[in-house]
Amino acid sequence: ELRDILGDHVIFTLTRENHPDYYYGYIDEAFLKEHVKDLNKQFYVCGTPEMTDEVSKALEKLGASPESVIFEGK
């Protein structure tokens, strides 16, 4: 459903299952540098508290506004 709404503006990743329709692995600063070209967007991050915290920090370090990061998991 999110893919229908957001089109190419969404990146789904899995860390426990390698599925051909999704990216596989952890989202870290290197992943974000490679896959996110515009940091002036809103970001929705869903995962464990540790994961959402790390991704939020990496996005902010790369230049995303703290207000643009919406997260679920805390």
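Conventions adopted
- Residues numbered from 1 in each chain as written.
- Predicted model: local features only at pLDDT ≥ 70, side-chain atom pairs only at ≥ 80, totals over all residues.
- Heavy atoms only, no water.
- pLDDT = per-residue confidence, 0-100.
- Helix = DSSP H or I, 4+ residues; strand = E, 2+ residues; numbered from the N terminus.
- Expected span 1.5 Å × (residues − 1).
- Buried < 20%, exposed > 50% of the residue type's maximum accessible area, 1.4 Å probe, protein only.
- Arc of directions from axis to C-beta.
- Contact = heavy atoms within 4.5 Å.

Looking at this structure, I do not really get the confidence of the model for the protein chain. What am I missing?
It should be kept in mind that the predicted coordinates are not to be read in detail where pLDDT is low. For the protein chain, the average pLDDT comes to 86, and 97% of its residues sit at 70 or higher. Confidence, read as mean pLDDT per element, is least for helix α1 (residues 2-6) in the protein chain (74) and greatest for helix α2 (residues 29-35) (93).

Is there a simple way to explain helix α3 (residues 49-62) in this structure?
One turn of an α-helix holds 3.6 residues; hence residues three or four places apart share an orientation. In a regular helix each residue adds 1.5 Å, so 14 residues correspond to 20 Å; α3 covers 20 Å between its end C-alpha atoms and thus fits that length. Three or more residues of α3 are buried, namely Thr 52, Val 55, Ser 56, Ala 58 and Leu 59. Projected down its long axis, α3 carries its buried residues within an arc of 165°, all on one side. Away from the buried face of α3 by more than 90 degrees, exposed residues Glu 50 and Lys 61 are located. On the buried face of α3, the contacting elements are α2, β3 (43-46) and β4 (69-72). Just past α3, the residue Gly 63 takes up positive phi, approximately 120°.

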